[in-house]
Amino acid sequence: MGRGRDTGSDRPLEPDEARAQGNDPDAVRMSGDGPDGGTRAGEGAQRGVGDVGGEREGTDTNRTDPEGHHLTDPDAATNRATSDAGRDTAHGPAGDQQEGWNIPSKVLPAIGSRDLPEPIPVRKLLGASVVILATALGSGEFIIWPYITTQIGIAFLWLAAFGFFMQYVLNMEIERYTLATGETAVTGFTRYWKPWGIIFVLGAILPNAFPGWASGGATMINYMGLIGEGAIPIVASIVLVATALALTLSPVVYQALEKIQMVLVGIIMLFLVVGVFVATKLGAWASVVTQAPGSIPGLPGAIATLGAATFLGAIAFAGAGGASNLTQSNYIRDKGLGMGGRMPKIVSPITGEEVAAPSLGYTFPLNEENMRRWRTWWKVANREHFITFFVLGLLTLIMLSVLVWSTVGGGVGGVEADTTFIDKEAAVLGNQIGDWFRIFFLFAGMVVLFSTSIGIMDYVSRLSASELKVSFFPDSETITESRIYFALAWVIAIAGSLILVAGLEAPLVLLIIAASGGGVVMFFYSGMLIWMNTRALPDPIKLKGWRLVMMWITFLIFAGLSVYLVYYQLATNVFGGGG
């Protein structure tokens, strides 16, 4: 189909070959079902598309070989300009309707059409969700849900399990759009209404303006006796700056981020294995199940005890929570899943080779071969996220909550609303097992919170950079997605350091601010995902069945919690009444 194509280029490629060539095992597939079916072929000839190893469209120029070395097309800008010129006619409205695609093109340029890349086995994709898992560990798992256990008991952990499952389904709908098009979910939302992009950028930035996780990690070092309390803001600031350096000097940012978080998650899992065997009680594990049925009538009282903000935050952060879930689009795109394998990656402006083009995606023809690839991609993506995010994440939350129940106790009330309960838990563990375990516990807590701090700096910068580039600087070769990412990461590090040095370092208070705001953001984008994935995508791959039912349940729950939160805050803080 491509002009000048090598006679052997139609042969199937092994997964490793595909990844080595930018996850692009097939040449550009021209679609003739639009208003100008020959335009795409002409575009391919203008780009000089040859065999599989030849030059490709600008979106494929920012790729790496198996060893992580960057592969660059010196004609990237020219190719991309030609590509964008062809987008408007390659797959126009008539073709979209005929194929079943209904992706708007009034706000952003029309989407192109290419074949899906060949799927990769799930064993090679494990890790695509490790970054969002690491972000989740330090919020709901280590801080909020163990704290809730000290306040209302272990009986309500079923709410955490339900929250995790809601987020699993929610995250897979975020992945669905990116697997099919290569665009992030936020870019998809922007296609319907341009302000959506800015709303979700603000939803990422504002709740995380206070670096509560970096402060919490430094607090763990203080509990270990290694620094004084006055040094907490300084140590947290050093961590923020070091994180910005690590993220912005890596040739391909996602590869460095994944490796860092793999190591940190490994340390956390080692601690949990040791902690379960030496510090938890069998009765506490049994109580997770036996006390759950009786907790339902006590739900109103539990909400009153915790407060609306903490309760909403607990549901929202049983998992990653807030706008961080939206960045799963970016992570699977940079990991090379589905159509994401054809998109540019974020690289360091200093050590990497940049692609100036915005991350506008593609549809794919609904033929037998592409549908086979789609079904395989959907299967392996679900399996990877279920194992990495749902199973490991929920197991971690339950183990940490059982650990605090076995030591500090549950349903006791009176535990201070900050991380001093972690220090108390560590002291009990030290008395029961030995001081070595107290230090081990606090060290693991430091790793958990610092891993979350890294994940948050990355996801806020990544989500914001992608949206700002697509919406405001699509034609600029100077303002690239990578450079916006670089700038935002350093703004977060410097601004966060100034906030900490100014004395705002109370971890749990900052976490609850972020969590409750995140729940409101989730209300908005869960509804947008229902709208987009039932209308923009063709029938064979769109949202339907039990997942659609679950998405409506998720949307209604977050709608109710968000409305209650606003009412509660107005009633208590504006009018002075009770919630």
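A few points on the structure. (Residues numbered from 1 in each chain as written. Predicted model: local features only at pLDDT ≥ 70, side-chain atom pairs only at ≥ 80, totals over all residues. Heavy atoms only, no water.)

## Let's talk about the overall build of the protein
Part 1 of the argument: Secondary structure assignment for the protein yields 22 helices and four strands.
Part 2 of the argument: Relative to its full complement of 579 residues, the protein shows a buried share of 62%.
Part 3 of the argument: Across the protein, contacts joining residues at least 24 apart in sequence account for 83% of those joining residues at least 6 apart.
Part 4 of the argument: When the accessible surface of the protein is split by element, carbon and sulfur atoms take 65% of a total near 20,400 Å². (Helix = DSSP H or I, 4+ residues; strand = E, 2+ residues; numbered from the N terminus. Buried < 20%, exposed > 50% of the residue type's maximum accessible area, 1.4 Å probe, protein only. Contact = heavy atoms within 4.5 Å. Areas by Shrake-Rupley, 256 points an atom, 1.4 Å probe, with all protein chains shown as cover.)

## A look at the packing of helix 17 (residues 368–407) against helix 18 (residues 420–432)
Part 1 of the argument: Close contact between helix 17 and helix 18 brings their axes to 9 Å; oriented N to C, the two are set at 70°. As the angle between them shows, helix 17 and helix 18 are arranged roughly perpendicular. The two elements helix 17 and helix 18 cross, and the hand of that crossing is left-handed. Between helix 17 and helix 18, the contacting residues are Leu 400, Leu 403, Val 404, Ser 406 and Thr 407 on the first element and Phe 421, Glu 425, Val 428, Leu 429 and Gln 432 on the second.
Part 2 of the argument: Considering only residue class, the contact of helix 17 with helix 18 consists of six nonpolar, three polar and one charged. (Axes fitted to C-alpha atoms, helices over the stretch in contact; angles between N-to-C directions. Parallel < 35°, antiparallel > 145°, perpendicular 65-115°, else oblique. Left-handed = near helix turned anticlockwise from the far one by under 90°. Nonpolar A, V, L, I, M, F, W, Y, C, P; charged D, E, K, R; others polar.)

## Focus on the packing of aromatic side chains
Part 1 of the argument: Counted under the stated rule, the structure contains 25 aromatic pairs.
Part 2 of the argument: Their ring planes at 80° and their centres at 6.4 Å tell us that Phe 164 and Phe 390 sit as a pair that is edge-to-face. Placement of Phe 164 in helix 6 (residues 157–181) and of Phe 390 in helix 17 is noted, with a sequence separation of 226 residues between them.
Part 3 of the argument: Consider the rings of Trp 374 and Trp 378, whose centres lie 5.9 Å apart with planes at 15°: the pair is stacked. Here Trp 374 pairs with Trp 378, and both are found in helix 17, just four residues apart, close to one helical turn. This pair shows no difference in class: Trp 374 is buried, exactly as Trp 378 is.
Part 4 of the argument: Of the aromatic side chains, those joined through ring pairs into one cluster are Phe 189, Trp 193, Trp 196, Phe 200, Phe 523, Phe 524, Tyr 525, Trp 552 and Phe 555.
Part 5 of the argument: Geometry around Tyr 362 places Arg 114 over its ring, the cationic atom sitting 5.3 Å from the centre.
Part 6 of the argument: The ring of Trp 531 has Arg 535 sitting right over it, with the charged end atom 3.8 Å from the ring centre. (Phe/Tyr/Trp six-rings, centres within 6.5 Å; stacked < 30°, edge-to-face > 60°. Lys NZ or Arg CZ within 6 Å of the ring centre and 35° of its normal.)

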